[in-house]
Amino acid sequence: MIRHEDDEGKKENSERWLLTYSDMITLLMIFFIVLYTISTVNSQKFQQIAASLGKTFDGTNYVIGQQSGNSILDSIKTAGTNGTNDNSIASQLDKLIKQYNLQNMVTYKVDERGFVISLNDTLLFDTGSADVKPEQKETLIKIGNILKSMPNYIRVEGYTDNVPINNNQFHSNWELSVIRATNVVEILVNDVKMDPAKISAVGYGEYRPIVPNDSDKNRQLNRRVDIVIMNSDYNKWEPAQ
């Protein structure tokens, strides 16, 4: 009788591994459910972002991953045009760049902020100066006229390289970048008649380089003024009128 109880106890103990096994299976199931849930949320967020970008401007086509919709670049059109691609901001900039041979001086792109027009500092300024060159003021006015009718907020951003500056006018690259951006804004407001309530100037100095400051070529790329047509999603962060 005692032997029988011992055998029964041994049999019972030998099956306890099933509890551990079932726990492991349960944990694995929960783990994969969590992974599936996360992937589903990310997909939804991605589609929302793609849809938001598509609504930013009217236009033709764009593709973000597998999500498609209206174009951002080719569809940035000036108000009052007939809505064709020939009247898009990108097309008008291309014509201006080609007409004045500005291929190495003026570039544009689209990023999370919106439509960005980058002006190389040598186009507008002499070294260490924040005054816009008189001979290039007209170029800046022409660019402003292309953007003038856009309903979006516009931000002018000044950037420098990391070479220190300390002359009678400026005590830091930060100061230089702010004054350059401000002088560009003043031309856009005074000469182009842009709405001053919809345009602003900021300076980032040397602290937002697009490439490392490890060569003369790269430092030249970092010295720039960006005119940014802000994504309409940024409007909610603008100070209340």
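In the annotation of an unreviewed UniProt entry, the chain is listed under the name OmpA/MotB domain-containing protein and assigned to Thermoanaerobacterium aotearoense SCUT27. Reading the Sequence similarities (unreviewed entry) entry of the UniProt record for the chain gives the comment "Belongs to the MotB family." What UniProt states about the chain under its Subcellular location (unreviewed entry) heading is, verbatim, "Cell membrane".

Draft legend 1. Examining the packing of aromatic side chains more closely. Applying the stated criterion to the full structure yields five aromatic pairs. Between Phe31 and Phe32 the ring centres are 5.5 Å apart and the planes differ by 70°, which places this aromatic pair in the edge-to-face class. By relative accessible area, which is 53% here, Phe32 ends up exposed. With a centroid separation of 5.5 Å and 75° between ring planes, the pair formed by Tyr234 and Trp237 is classed as edge-to-face. For Tyr234, a relative accessible area of 25% gives the class partly exposed. The ring of Tyr159 carries the charged tip of Arg224 above its face, separated from the ring centre by 3.7 Å.

Draft legend 2. Representation of the sheet that holds strand β7 (residues 224–230) in the model. Read from one edge of the open sheet, five strands run β3-β4-β7-β5-β6, paired in mixed fashion. Two strands bound the open sheet, and with one partner strand each, they are β3 (106–111) and β6 (199–203). Strand after strand, the sheet turns through a mean of 20° between neighbouring axes, direction not considered. Relative to β6, strand β5 (residues 154–159) runs parallel, the two sharing five bridges. When the sheet's bridge partners are listed, Glu157 is paired in β6 with Val202. The sheet contacts of helix α6 (residues 173–190) involve β5, β6 and β7, and relative to β6 the element is tilted by about 165°.

Draft legend 3. Main features of the layout of surface pockets. Its volume calculated, the largest pocket comes out at about 290 Å³. If you trace the largest pocket, you find 16 residues lining it, with Thr107, Ser118, Asn120, Ile210 and Leu221 closest to the centre. Where the lining of the largest pocket is concerned, the elements lending two or more residues are β3, β4 (114–120) and α7 (216–222). A volume near 230 Å³ is recorded for the second largest pocket. Lining the second largest pocket are 15 residues, and of these Asp121, Thr127, Gly128, Asp161 and Arg223 sit closest to its centre. Where the lining of the second largest pocket is concerned, the elements lending two or more residues are α4 (121–124) and α6. For the lining of the second largest pocket, the leading source of residues is α6, giving three residues. Among the residues making up the lining of the second largest pocket, the classes are represented as five nonpolar, five polar and five charged.

Draft legend 4. Spatial organisation of the confidence of the model for the chain. Predicted confidence across the chain gives a mean pLDDT of 80, with 73% of residues reaching 70 or more. In the predicted structure, residues 55–75 sits below a pLDDT of 50 and forms 54 contacts with residues beyond four places in sequence or in another chain. This stretch, residues 77–86, has a pLDDT under 50; its non-local contacts, to residues over four places away or in other chains, come to 22 contacts.

Draft legend 5. Molecular detail of α6. Across its 18 residues, α6 extends 26 Å between first and last C-alpha, which sits within 8% of the 26 Å expected from 1.5 Å per residue. If you follow the buried residues of α6, they end up packed against α4, α5 (134–147), β5, β6 and β7.

Draft legend 6. Seen up close, the nonpolar core. Judged by nonpolar contacts, the single largest core of 33 residues is most densely connected at Ile117, Leu119, Leu147, Val156, Val184, Leu188 and Ile227. Of all the elements in the fold, those that place two or more residues in this core are α3 (89–99), β4, α4, α5, β5, α6 and β7. Tallying contributions element by element places α6 first for this core, with six residues. If we ignore the near neighbours within four places in the chain, the residues touching Leu188 are Leu140, Gly144, Val156, Lys193, Met194, Ile199 and Ile227.

Draft legend 7. Seen up close, the pattern of salt bridges. Counted by the stated rule, this structure contains ten salt bridges. Note that Asp111 is salt-bridged to Arg113, the shortest N-O span being 2.8 Å. When sorted by exposure, Asp111 lands in the same class as Arg113, which is buried. Between Asp161 and Arg223 there is a salt bridge, with its nearest N and O atoms 2.7 Å apart. Of this pair, Asp161 sits in the loop between β5 and α6 while Arg223 sits in the loop between α7 and β7, and the two are 62 residues apart along the sequence. Overall, the relative accessible area of 6% leaves Asp161 in the buried class. Given a relative accessible area of 21%, Arg223 falls into the partly exposed group. The network of salt bridges with shared partners includes Asp111, Arg113, Arg155 and Glu157.

Definitions and cut-offs
- Note that residues are indexed from 1 along each chain, following the sequence as it is written.
- Totals for whole chains, interfaces and linings use every residue, but because this is a predicted model, local features are given only for residues with pLDDT of at least 70 and side-chain atom pairs only at 80 or more, for both listing and counting.
- The basis for every side-chain value is the complete set of non-hydrogen atoms in the structure, without hydrogens or water.
- UniProt positions are given in the numbering used here, feature names are shortened, and annotations may be inferred rather than shown by experiment.
- In this analysis, rings of Phe, Tyr and Trp, with Trp reduced to its six-membered ring, are considered paired at centre separations within 6.5 Å, and the interplanar angle assigns stacked below 30 degrees, edge-to-face beyond 60, and tilted for intermediate values.
- Categorising residues by exposure relies on relative accessible area from a 1.4 Å probe, with only protein chains included: less than 20% of the type maximum marks a residue as buried, more than 50% marks it as exposed, and the intermediate range marks it as partly exposed.
- Charge over a ring is defined by NZ of Lys or CZ of Arg lying within 6 Å of the ring centre and within 35 degrees of the ring normal.
- For two strands to be treated as a pair, DSSP must find no fewer than two bridges joining them.
- Runs of E in the DSSP output that reach at least two residues are strands. Runs of H or I that reach at least four are helices, and both are numbered from the N terminus.
- To obtain an axis, a line is fitted to C-alpha atoms, over the contacting stretch when the element is a helix, and the angle between two such axes runs from 0 to 180 degrees between their N-to-C directions.
- Contacts between residues were defined by any pair of non-hydrogen atoms, one from each residue, lying within 4.5 Å.
- In this analysis, the protein atoms alone were mapped onto a 1 Å grid. Cavities are point sets where a 1.4 Å probe fits without being able to get out; pockets are open sets with protein on both sides within 12 Å along at least five of seven lines; lining residues have an atom within 4 Å of a point.
- Grid points are joined across faces, edges and corners, and a volume is the space filled by probe spheres set on the points.
- In the scheme used here, Gly and all other residues not listed as nonpolar or charged are polar, with Ala, Val, Leu, Ile, Met, Phe, Trp, Tyr, Cys and Pro taken as nonpolar and Asp, Glu, Lys and Arg as charged.
- Predictor confidence is given residue by residue as pLDDT, running from a minimum of 0 to a maximum of 100.
- A helix's residues, less one, multiplied by 1.5 Å, set its expected span.
- The nonpolar core is taken to be a set of buried Ala, Val, Leu, Ile, Met, Phe, Trp, Tyr and Cys residues, with the residues joined through side-chain atoms within 4.5 Å.
- For this analysis, a salt bridge means a side-chain nitrogen from Lys or Arg found within 4 Å of a carboxyl oxygen belonging to Asp or Glu.

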